[in-house]
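Report on the structure
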Protein chains: 2
Amino acid sequence: MFDFRRSHDCGALKKEDIGQSVTLSGWVHRRRDHGGVIFIDLRDRFGLTQLVIDPHTGEKLYAMANQLRQEWVISVKGKVIARQEGMSNPKMKTGDIEIDVNDLDILSKSKVPPFTIADENLNVNDELRLKYRYLDMRRGPILDNLILRHKTMMCVRKFMDNNQFVEVTTPLLGKSTPEGSRDYLVPSRIHPGHFYALPQSPQLFKQILMVGGLDRYFQIAPCLRDEDLRADRQPEFSQIDMEMSFATKEELFKLVEGLMHSIFKECRGLEIQTPFRHITHHDCLENYGTDKPDLRFGMSLKTIDDIAKHSTGTLFIEAIESGNTVKGFCVKGGADLSRKTLEDYVAFVNLLGVKGVAWMKRQGNELTTGVAKFFPVEQQAQLIERFDMQEGDLLLIVADEKSLTNKALDHLRRRIAKERNLIKPDHFEFLWVTEFPLFNWNAEEQRIESEHHPFTSPLFEDIHLLKTDPLKVRSLSYDLVLNGYELASGSQRIHNGDLQQTIFEQLKLTADEINQRFGFFIEALSYGTPPHLGAALGFDRIIMLLIGTDNIREVIAFPKTQKATDLMMEAPSDIPEKQLKELKLRILS
Amino acid sequence: MFDFRRSHDCGALKKEDIGQSVTLSGWVHRRRDHGGVIFIDLRDRFGLTQLVIDPHTGEKLYAMANQLRQEWVISVKGKVIARQEGMSNPKMKTGDIEIDVNDLDILSKSKVPPFTIADENLNVNDELRLKYRYLDMRRGPILDNLILRHKTMMCVRKFMDNNQFVEVTTPLLGKSTPEGSRDYLVPSRIHPGHFYALPQSPQLFKQILMVGGLDRYFQIAPCLRDEDLRADRQPEFSQIDMEMSFATKEELFKLVEGLMHSIFKECRGLEIQTPFRHITHHDCLENYGTDKPDLRFGMSLKTIDDIAKHSTGTLFIEAIESGNTVKGFCVKGGADLSRKTLEDYVAFVNLLGVKGVAWMKRQGNELTTGVAKFFPVEQQAQLIERFDMQEGDLLLIVADEKSLTNKALDHLRRRIAKERNLIKPDHFEFLWVTEFPLFNWNAEEQRIESEHHPFTSPLFEDIHLLKTDPLKVRSLSYDLVLNGYELASGSQRIHNGDLQQTIFEQLKLTADEINQRFGFFIEALSYGTPPHLGAALGFDRIIMLLIGTDNIREVIAFPKTQKATDLMMEAPSDIPEKQLKELKLRILS
C-alpha cells in the first residue's frame, strides 16, 4: 500500500525547504499542461502547492498524472525545488517553490463537480451551494469562517474560565414552557402522549444552577426555535449564555466588555474601546427611533414639537394637536441630494406607514426649499441651532404617530448612511441599552406580555407600579447593541418567589397554568435563592460581525434554508410507520 | 438598598486577612448559639466561613441573626478576627479566622428543605435528590463533579486545538438514518408528516467535513439515543468526537494517548503510562473472555482443550468433542477459598448460562480437591505450568459453549478481583483492542449487521472475503478500554463509494433503502474523499472514571431517571392540543 502520510501540509513549504524529499496529499485544484510538462496545484485546508510532473521522470508516472481530473485526491512524493526565475508567486505561501514529483498515488477519484472549486469568481446559486455544502467548503471562505468560529469559542471559554465561570452542559430534552417563541417538541416513546421540548435557551436551568450555588455559570449553548425564519435566523443557533450570583449589573457589564475586547483582539486583532456607552431605552428611542441603533454615524433624531407648533404648516400643527409628533434629523452636506432622491425617500417612508418626509436646506442664515416657507425666521433659527446645521446641510422631518415616526426615521437614517458611505469598514460601536419596559401590550390577545421574559426583575423604584400601572414599570434589563444589531440581552432576575408569582399573575396566567409550567421553578426559588443576573449573547451574530457578513449561513457548518430544510441530507424526511407506532402517533392528512 | 457585593468569597479569608473589613454573602449552613453568642457557618461554592454575632454589637442585628434558619441567603459586613486560642479548624480553608459581624441583610428566606444540606452522613433516596437537584448540588460533590467536568472540557479543547483540530458545531436537527439505536424524532411543523432526528452521534457530519477538506475535526458533541436505559446510560450523553484525514491509526492512537495523558495529568494530577498496550479482538476474547477487559489484576484466561482431552472427566471430553471448549484461570492464593464460596461461584455462573465451574488447588507438586482426580499426573503438571500455579493457588475451569464460557469466566474473574481486593485505587490500565470483526450475525433478523457502523473499513487484506465469507472479515477498527469500560471506539472509514455500496448490500439494504437513507452520503463520497479515520470517546464515562464513581448521574448536571424522566421539571409532559394541531399529529390511545 502507498503510504499517504504527509510530511508537510500544502501551505508549509518555503525556500528554506529546497532540496528536501517530501510527501504531500490533497486535492487536484488545477491542472495545466505546458509543452508536455504537467503542472498541478495541490490543495488542502492549509494552502496550495505546485507540483511538476516531467515526462522524462517515468512513463507510468506521467500517464497517471495525465489521467488526473479536478478534485481527485492524490498523494505524491518528490523533491522541493526552486521555481524558475521569474515564476515565483508572492501571493502564495508556497509561491517560491514547487515539487518535482517522482511518485504518485490516486487515493480517490471524483465525478465532475457541479461547480468548479478553483473558480474564484464563480456565481453559484444558494441552493446548489447548500446541497453540495462539502464542495462549497472546499472553496475556502466557509472553512475560514468555521476556523474563526472555533478560535472565538476557544477565546470565550478561556476568558470565562479565567473569571471563575464554570461551563455546564444543560439538557436538550426539557419541559415545554411555552412563553415567547414556539418550542420544537420530541415525543416520548416510554411515556406515550407526552413530549419533551428542545431548549429555546437554558434560562430556567441556569437560574436553577444559581439556586444550586454554582455561583458563576456559562455555556456556549445550542438553542432551537420553531419560528418562521428570516434571513438572519436559523432554527438552531448558539448563544454564549451566562449567569452570576451576588453581583451587580456593573460587574456584568465589565465582564461582557472584557469578553468582547478579548474576542476582537484575539480573533481579529482589533482594539475596541471599553467601557461601552450607556443609554436608557427611553432616550434610545428618542435619539435613534430604535432600541438597536447603529452609532457608526451621526444623524441622531430630535423632536421639534415645541418649534413646529409655531410654524404655519397645518400638517405640523394638526399632528401635534392630535398627539402625534414632529421629529427629524440633519444630513451633513445633504443639500446636494436631488429632488428625485428626496422624492424616493417619501416613497420609502410611505412603505413604512407614515404619510411622508419633509425637507429644508440651510443656505446662508436661513432654511430654504421644501417646507422652509412654513417656518418663520425665529423658528428657522431655532432649528438651525437644535440640529447644529451648517451651510449645505439638509433637514429631514416626519410628522406622524410616535412609533411610526421613529420607525420611518430609523430606516431612513440607516439608508442614507449606506448611500452616503458614512460607514467605515472595521468600525465597531457598542452600546448598552438599559431600563427596557418590563411589559408590552399584546393588542391581538388583549393582554400584557413580558418584553424580555417573565423572570426579569422590575427596577426596584418601580415595583410599586406593578399592579396599578404595569406598562409604566421599567425593568432591570439591558441589551448590548453593536452596529445596529442586538448582540446580547440580559437582566437582573427575580430572586423572590412572591414577586415572581405577582409577575405571572400580571401576565394573566391562571394558577393552574403557572403551576403546570413553572411550578417546579417557583418551588426552587423558595429554598434560598441568591440575587443573580445574567445575559445571553448571540454567538452566530458575533461571528457574522467579526467576518463582516450579513448572511448567517456563512458562519454555520450545515445551515438550513428559510423553510428549515437541510438540502444536503434532505431533512426533515418521512419515517417508517413502525417508528410512528412506537411513539403512538398518527399523522393527520 | 443593602450592597450585597462580596469583597471575598467564603473560602478566601486567612490569617493574613485579620483586621480587614469585609462583605460576605452566602447560605446559612449551620447556626449555633453559645452562651448568647450566635455562630453561623456561611457557605458558598468556594467554602465556609464562620460568622460571630455578639449580642453587644446591637439589638437589631442580634434579633435579625436570631431569626436566621438553614439555607437562608444573607449578606454580612464585619471584621476578620482570629479565632480564639485552640478553636482553629485546620480542616477548613478559613479555619484560622472568623468574622465579627456588624451589619447583616437577609437576601432571601428558605422553606425548611426536604433534607439537611449540612448533614454529611445524610442518606437521601435518589428520587428525592433528583427532584430537588438544586439542593443536592449545594451538598458539595455534584458541584465538585461539574467543576471537574468543566476543567476536563477545557483541557480537551486546549489539547485538540494545539493539534490543529477545529471544533465544529454540527446540527441537532438531522435526518433519521436508523441503524444501531433508536432515534429521538422531532416533528416538523413547516413540513407536516416529516420528522427530523436528533443525533445519535455526528458520524455522517464529521465524515462530510473530511470530504469538505476540514482535515481535522473535533467536538464535545451532545448525542441522544432513545433506548431502554441501564444504570450507566442516559438518553443524552456527550462524546469527544474526532476525525482526521490523511492519517493512520498509529497517529490517531498517539493523539488519543496524548489526550488521555493530559486529562489525567491536568485534572487529577496523575501520570499515566503511554503508549497503551494493544491486543487484537481475537486475542482479547481468548485471554479475557470479553472485549473490554479490566487489566488492573491478572487472572487471564487460558484454553486447556489440549490438556483436558487427556483427562478422565467425561464432562470435559464431551465438551471438547461437541465443539465446546474448556477454559479457566488461576487465583493466586485462592486455596483459602471455602467450599461454600466455591459453591456460590457455581450458582453465580449458572445464572450466566453455563453448567458450572470446577476447581483444583495446588498442594506440593500436585493438584487436589474438586476435579483434580480426573487429571493424571502428566496433565496436572501441564496445568501447573500453563497457569504458572504456585503452592496454594486455585484453578477455576468452565467447560461449555465458547461464548458462554468466556462470559462466565469474565464475570467470575471480575467478581473475584473485587472480593479479594485486587484493585488498587487510582490505578488505570488502558488497552487498545483492534481488528474487531466487521460484521456480526443477528440471529433474530437472520442477517448480518455492522459490529461498529456501516462506514467502517475492512482490513485491506480481508476485502476479498467480503462477498464469500463476510463474518470472517476483520475491520480496521479499535476500541480503547479502561479498567473494564469501553472508553472510545473508532475506525478507518471507507473512502470509496463502491466499497461503501458493497457493504450496504451485504447488510441486505435494498437499493431504495440505501438511497433514501444514505444516498446523499454516497453522493458526497463520490467527489474526491480523502482517506480518513476517527474515534468517539465517551465523555461522561471519562469523568466517571476520573472521579471514581459508577453512577453516571453524579457527573451530569440535570440527569434523567431510568425511565428517561426529569423529576425536577417533570418532563416529558403533556402539551396543549393547539401545539399538536400545528404539527398535524394525533395521539393514539
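Because the structure is a prediction, the values reported are computed rather than measured.

**Quick look at the overall build of chain A**
Along chain A, the regular secondary structure elements total 16 helices and 23 strands. Overall, the C-alpha framework of chain A stretches about 95 × 75 × 55 Å when taken along its three principal axes. Here chain A, with 589 residues, has 58% of them falling under the buried criterion. Sequence-distant contacts in chain A: of pairs separated by 6 or more residues, those separated by 24 or more amount to 67%. About 24800 Å² of surface is accessible on chain A, with carbon and sulfur atoms providing 48% of the total. Averaging the locations of the 76 positively and 85 negatively charged side chains of chain A gives two centres separated by 4 Å.

**Considering the packing of helix α10 (residues 339-351) of chain B against helix α12 (residues 402-419) of chain B**
Residue and element names in this part refer to chain B. Where α10 meets α12, the axes come as close as 10 Å, and the angle between the chain directions of the two elements is 135°. Compared by their axis directions, α10 and α12 come out oblique. Considering the relative orientation of α10 and α12, their crossing is right-handed. Facing D344, Y345, F348 and V349 of α10, the residues of α12 in contact are A408, H411, L412, R415, I416 and E419. Grouping the amino acids of the contact of α10 with α12 by side-chain chemistry returns 6 nonpolar, 1 polar and 3 charged.

**Some details on the domain arrangement of chain A**
In terms of domain boundaries, chain A breaks down into domain 1 (15-108), domain 2 (144-279 + 431-555) and domain 3 (297-422). Computed from C-alpha atoms alone, the centre-to-centre distance between domain 1 of chain A and domain 3 of chain A is 64 Å.

**What to know about the relation of the copies chain B and chain A**
The two chain copies are connected by a rotation around an axis plus a translation along it. Turning chain B through 180° and shifting it by 0.0 Å along the axis lays it on chain A, with an RMSD of 0.1 Å. The superposition operator between the copies reduces to a two-fold rotation axis. Interface overlap between copies is the fraction of interface residues in one copy that are interface residues in the other; for chain B against chain A it reaches 100%, indicating a shared surface.

**Here we look at helix α15 (residues 539-547) of chain B**
Residue and element names in this part refer to chain B. Of all 9 residues in α15, 8 are buried, a share of seventy percent or more. For α15, the set of buried residues is F539, D540, R541, I542, I543, M544, L545 and L546. The secondary structure elements touched by the buried residues of α15 are α4 (141-162), β10 (236-245), α6 (249-268), β20 (477-482), β21 (485-492) and β22 (532-538). Just beyond α15, the residue with positive phi is G548, at close to 90°.

**Details of the pairing of strand β3 (residues 47-53) of chain A**
All names here are of chain A. Counting buried positions along β3 yields 6 of 7 residues, so the element is predominantly enclosed. Sheet topology places strand β2 (residues 37-44) next to β3; 7 bridges connect them, and they run antiparallel. Paired with I38 across the two strands is I53, which belongs to β3. Between β2 and β3, which pair antiparallel one after the other, the connecting turn spans 2 residues. In this sheet, strand β5 (residues 97-108) lies alongside β3 in parallel orientation, the contact comprising 2 bridges. Within β5, the residue paired with L51 across the bridge is I99.

**Focus: the side chain of B:T170**
Tracing the chain through its elements places B:T170 in the loop between β6 (166-167) and β7 (185-187). By relative accessible area, which is 10% here, B:T170 ends up buried. At a separation of 3.0 Å, a polar atom in the side chain of B:T170 contacts the side chain of B:Q219. Residues within four places of B:T170 in sequence aside, it is in contact with A:F558, B:P202, B:F205, B:Y217 and B:Q219.

**Brief notes about the interface of chain B and chain A**
Taken together, the contacts link 123 residues of chain B with 123 residues of chain A. The interface formed by chain B and chain A includes 12 salt bridges. Across the pair B:E523 and A:K111 runs a salt bridge whose closest N-O atoms are separated by 3.0 Å. At the junction of chain B with chain A, the criterion picks out 64 residue pairs in polar contact (both at pLDDT 80 or more). A per-element tally of the side of chain B that touches chain A places α4(B) first, with 10 residues. Its residues assigned to classes, the side of chain B that touches chain A comprises 64 nonpolar, 26 polar and 33 charged. In terms of strand pairing, strand β23 (residues 585-587) of chain A meets strand β23 (residues 585-587) of chain B through 3 bridges, oriented antiparallel. The residue bridging A:I587 from the neighbouring strand is B:L585, located in β23(B).

**Some words on the confidence of the model for chain A**
Averaged over chain A, the pLDDT score is 94; the fraction of residues at 70 or greater is 99%. Taken over the whole predicted complex, pTM reads 0.95, whereas the ipTM for its chain interfaces reads 0.95.

**Structural notes on the packing of aromatic side chains**
Evaluation of the coordinates by the stated rule reveals 38 aromatic pairs over all chains. Ring geometry for A:F205 versus B:F558: centroids 4.8 Å apart, planes at 45°, classification tilted. Here the residue A:F205 occupies a position in helix α5 (residues 203-211), and B:F558 occupies one in the loop between α15 and α16 (577-582), the pair thus bridging two chains. B:F558 matches A:F205 in its accessibility class, with the two residues each being buried. With a centroid separation of 5.5 Å and 50° between ring planes, the pair formed by B:F316 and B:F375 is classed as tilted. Linking B:F316 in helix α9 (residues 314-321) with B:F375 in the loop between β15 (366-368) and α11 (377-386), this pair joins segments that are 59 residues apart in sequence. We note that B:F316, like B:F375, is buried. An aromatic cluster is built from A:F253, A:F264, A:F276, A:F428, A:F430, A:W432 and A:Y478, whose rings are joined through pairwise contacts. It is A:R415 that lies over the ring of A:F348; its NZ or CZ is 4.8 Å from the centre.

**Structural notes on the nonpolar core**
Core analysis: the largest hydrophobic core is formed by 64 residues, its most contacted members being A:L198, B:Y134 and B:L198. If you list the elements that add at least two residues to this core, you get α5, β9 (216-224), α13 (497-506) and α14 (511-525) of chain A together with α3 (133-138) and α4 of chain B. In terms of residues, this core owes the most to one element, α14(A), which gives 7 residues.

**Here we look at the sheet that holds β2(A)**
Residues and elements named next belong to chain A. Overall, mixed pairing links the 5 strands, which are arranged β1-β2-β3-β5-β4 in a closed barrel. Each neighbouring strand pair of the sheet contributes to a mean axis angle of 55°, computed without reference to strand direction. Sheet strands touched by helix α1 (residues 59-67): β1 (21-34), β2, β3 and β5. Its angle to β5, the strand with the most contacts, is close to 75°.

**Topic: the environment of B:E505**
Residues and elements named next belong to chain B. Mapped onto the secondary structure, E505 falls in helix α13 (residues 497-506). Among the residues examined, E505 registers a relative accessible area of 41% and is labelled partly exposed. A C-alpha to C-alpha distance of 9.7 Å links E505 and K467, two positions 38 residues apart in sequence.

**Some details on unusual backbone geometry**
At the junction of A:A571 and A:P572, the peptide bond is cis and its omega measures out at 0° in the coordinates. The residue A:P572 is located in the loop between α15 (539-547) and α16 (577-582) in this model. One non-glycine residue, A:T369, adopts positive backbone phi at about 60°. On the secondary structure map, A:T369 appears in the loop between β15 (366-368) and α11 (377-386). Phi is positive for B:N421, which is not a glycine, with a value near 55°. Here B:N421 shows up in the loop between α12 and β17 (430-434). With a relative accessible area of 66%, B:N421 lands in the exposed category.

About the cut-offs
Residues numbered from 1 in each chain as written. Chains lettered and ligands numbered in written order. Predicted model: local features only at pLDDT ≥ 70, side-chain atom pairs only at ≥ 80, totals over all residues. Heavy atoms only, no water. Helix = DSSP H or I, 4+ residues; strand = E, 2+ residues; numbered from the N terminus. Buried < 20%, exposed > 50% of the residue type's maximum accessible area, 1.4 Å probe, protein only. Contact = heavy atoms within 4.5 Å. Areas by Shrake-Rupley, 256 points an atom, 1.4 Å probe, with all protein chains shown as cover. Lys, Arg positive; Asp, Glu negative; His and termini not counted. Charge placed at Lys NZ, Arg CZ, Asp CG, Glu CD. Axes fitted to C-alpha atoms, helices over the stretch in contact; angles between N-to-C directions. Parallel < 35°, antiparallel > 145°, perpendicular 65-115°, else oblique. Left-handed = near helix turned anticlockwise from the far one by under 90°. Nonpolar A, V, L, I, M, F, W, Y, C, P; charged D, E, K, R; others polar. Domains from an automatic or database assignment. Least-squares fit on C-alpha atoms with pLDDT ≥ 70 in both. Pairing = 2+ DSSP bridges. Polar contact = N/O pair within 3.5 Å; in protein donor to acceptor, adjacent residues only side chain to side chain. Salt bridge = Lys/Arg side-chain N within 4 Å of Asp/Glu carboxyl O. pLDDT = per-residue confidence, 0-100. Phe/Tyr/Trp six-rings, centres within 6.5 Å; stacked < 30°, edge-to-face > 60°. Lys NZ or Arg CZ within 6 Å of the ring centre and 35° of its normal. Core = buried A, V, L, I, M, F, W, Y, C linked by side-chain atoms within 4.5 Å.

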